[in-house]
Structure formats: C-alpha cells, structure tokens
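Reading the structure
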Amino acid sequence: MFTFTTTAALQKHLQAQQGKTIGFVPTMGALHVGHISLIEQSLANTDITICSIFVNPTQFNNAADFDKYPRTISDDRTMLEKAGCHILYAPETPDEVYRGYATQSFDFDGLDSSMEGYFRPGHFQGMANVVYRLFAIVNPDKAFFGEKDYQQLALVRTMAATHFPALEVVPCNTLREADGLAMSSRNRRLSEEERAIASHIPRILKEAMQLEITDAKQLKFWVEAEFAKVEGIRLEYFEIADSNTLQVIDSVGKNSRMFIAAYVGDVRLIDNMGL
Ligand code: PAF
C-alpha cells in the first residue's frame with residue numbers, strides 16, 4: 001500500500017494511473033470492521049482503492065470532542081494493508097487539505113435542518129466542505145459511505161450531484177456488533193460498563209420496529225419512555241422521519257426511518273433503522 005501525507009505526492013501518483021477507475025473511502029481513522037467493509041466494496045467495484053484518514057477540525061462543533069477523537073494511525077494502516085487497500089492518503093495538517101481553498105456555504109434544501117443538523121450547528125457545513133475538498137483532490141469514480149451516518153450520506157449525495165455529477169456515491173449497510181450496536185469509532189471510548197449500556201440503543205430500536213405502531217407521535221413516546229428506564233443513557237433526540245426528505249413525519253409509512261442520538265457517559269452515539 002502506498003501512503004501519501006501530501007496532496008502533491010498523491011496527485012502525482014494518480015496522474016500515472018490514467019484510465020483506471022478510482023474508489024474512495026474517506027474516513028477520520030480509528031478504523032473498524034465497518035470501514036473495512038467499505039474498502040472491500042470499493043476493491044470489488046473499482047481498479048484503485050484510496051482511503052483517506054483526516055480528522056477534520058471544521059466539522060467538530062465541540063473542541064473537546066475533536067481532542068478526544070481516537071487517533072490510531074498505525075493500527076489503521078495495518079488494517080488497510082491487510083484488507084488490500086491500494087493507497088492511504090493521510091494528510092498531517094489541515095493546511096495540506098485546505099491550502100488554496102475558499103470555504104463554501106452549501107445549500108442542502110432543508111435536508112440539514114433536522115436531527116444532526118439541528119443539534120450540531122456547523123457540523124454539516126464543515127463535513128461537506130472537507131468531502132468537497134477530498135473529492136476534488138482524489139477525483140474518484142465512486143465514493144463509499146456508510147448508512148450509519150444516514151443524514152451525512154444524504155447531504156454528500158446532494159453536494160456530489162451538484163458539484164461532481166460524474167461521481168457515484170455508493171451507500172453501504174451499517175455493520176453491527178453481535179448485540180446490535182452500530183459499529184463506530186466512538187465505541188472504543190466506552191468503558192466496559194458503558195459498552196453494555198449502549199447495547200440498549202439497538203435493542204429499543206428493534207423492539208420499536210416490532211410494535212407496528214403507525215402513529216409516529218405514539219411510537220416516539222414509547223421509545224422515549226423506554227430510554228428513560230435505562231440508567232446511564234441520555235437521549236438527545238429520537239425522531240421518525242421520511243428517508244428521503246429527512247423531515248419528521250406524523251404517520252409511519254414504508255419510507256419511514258427512526259433516527260437517534262444518545263449520550264452514554266460523554267460519548268455521543270448515533271444510529272438509525274428503517275421501519
Ligand atoms: O464520516 C466521517 O468519518 C467523516 O464525516 C468524513 C466523511 C470522513 C468527513 O470528514
């Protein structure tokens with residue numbers, strides 16, 4: 001696997017690969033099996049797979065969260081090599097990514113107004129700017145994003161459709177631990193006790209799915225009451241929204257999806273499941 005820490009070196013290497021299709025998996029590192037499944041999907045569908053590792057400061061609306069974000073570059077490199085990834089792009093400073101770039105303000109037509117967009121002001125603009133910048137640097141044919149960050153995926157698709165029309169954004173299923181917890185880099189910050197508590201998130205969502213309640217308010221009320229019974233979880237939001245518009249809905253239909261953000265200790269976890 002080639003590793004490049006500068007944009008110039010990466011681009012020089014890519015210039016010599018003309019005619020090959022490029023698959024791209026942007027990450028912030030602290031890789032887990034979920035990331036590796038994105039790499040595998042890229043390897044199966046393109047000629048060259050590039051993974052980026054860059055903890056983007058502009059998408060953290062909380063400085064402590066940025067500081068605490070796990071950084072495990074040496075383990076990450078080992079996992080990528082084992083998976084057969086061709087190129088790691090690991091810029092070491094924000095300047096390496098943003099040099100010469102003027103930050104943009106993206107219009108997401110309301111897709112960013114609810115849930116993560118509401119509770120993490122500035123997060124999506126920071127995320128979209130870095131993804132725009134990475135797409136411009138790497139110029140991929142396909143980019144692979146996990147559905148765990150469902151709203152992020154919707155916004156990346158919107159941004160790519162406008163600015164990178166030839167690029168295919170490929171949605172990939174959320175990978176889960178044996179007890180159903182969605183795989184996330186943040187899980188490694190949970191203590192053993194907190195990890196056990198976190199497993200109530202998928203449990204309650206799965207139970208909610210089975211209730212077959214069609215009144216969204218009633219379902220929301222049931223879920224919130226279930227979370228209130230679990231000591232150690234602080235629910236930030238639970239919403240039932242349309243999978244396409246991401247707007248909160250009154251009545252559960254075939255396009256409905258549950259979205260959740262909750263704190264276990266000081267670790268913020270998100271998840272979503274189709275109804
Ligand atoms: O999902 C992530 O890890 C990040 O938001 C991304 C897409 C790599 C941009 O920094």
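Use the structure listed above.
Residues numbered from 1 in each chain as written. Predicted model: local features only at pLDDT ≥ 70, side-chain atom pairs only at ≥ 80, totals over all residues. Heavy atoms only, no water.

1. A short note on the layout of surface pockets
What counts here: Grid points spaced at 1 Å and placed over the protein atoms alone form the basis of the search, with a cavity being a set where a 1.4 Å probe fits but cannot get out and a pocket an open set showing protein on both sides within 12 Å along at least five of seven lines. Lining residues have an atom within 4 Å of a point. Grid points are joined across faces, edges and corners, and a volume is the space filled by probe spheres set on the points. Numbering goes from the N terminus for both helices and strands, where a helix is a DSSP run of H or I of at least four residues and a strand is a run of E of at least two. Residues were grouped as follows: Ala, Val, Leu, Ile, Met, Phe, Trp, Tyr, Cys and Pro as nonpolar; Asp, Glu, Lys and Arg as charged; and all remaining residues, including Gly, as polar.
Volume-wise, the largest pocket comes out at about 290 Å³. What lines the largest pocket is a set of 18 residues, and nearest its centre among them are Ile53, Val55, Ile73, Pro91 and Glu92. Here the lining of the largest pocket gets three residues from one element, more than from any other, and that element is helix α4 (residues 73-83). Across the lining of the largest pocket, the residue classes tally to 11 nonpolar, three polar and four charged.

2. Describing the site of the ligand
Selection criterion: If even one non-hydrogen atom of a residue comes within 4 Å of a molecule or strand, that residue is called near it. The definition of a polar contact used here is a pair of N or O atoms within 3.5 Å, where within protein one atom must be able to donate a hydrogen and the other to accept one, and adjacent residues in sequence count solely through side-chain atom pairs. Using the Shrake-Rupley algorithm and a 1.4 Å probe, accessible areas are obtained, with residue cover drawn only from the displayed protein chains. Criterion for pocket placement: a molecule counts as inside a cavity or pocket if more than half of its atoms are within 2 Å of its grid points.
Pro26, Thr27, Met28, Gln59, Met127, Val130, Val131, Phe145 and Gln152 make up every residue found near the ligand. A distance of 2.6 Å separates an oxygen atom of the ligand from a polar atom in the side chain of Gln59. For the ligand, an oxygen atom lies 2.7 Å from a polar atom in the side chain of Gln152. Against a free-state accessible area of 290 Å², the protein chains account for coverage of 89% of the ligand. Most atoms of the ligand, that is more than half of them, are within 2 Å of grid points of the largest cavity. Mapped onto the shell around the ligand, the elements with two or more residues apiece are β2 (22-27) and α7 (123-138). The greatest single-element share of the shell around the ligand, amounting to three residues, is contributed by α7. Here the residues of the shell around the ligand are counted per class, giving six nonpolar, three polar and no charged.

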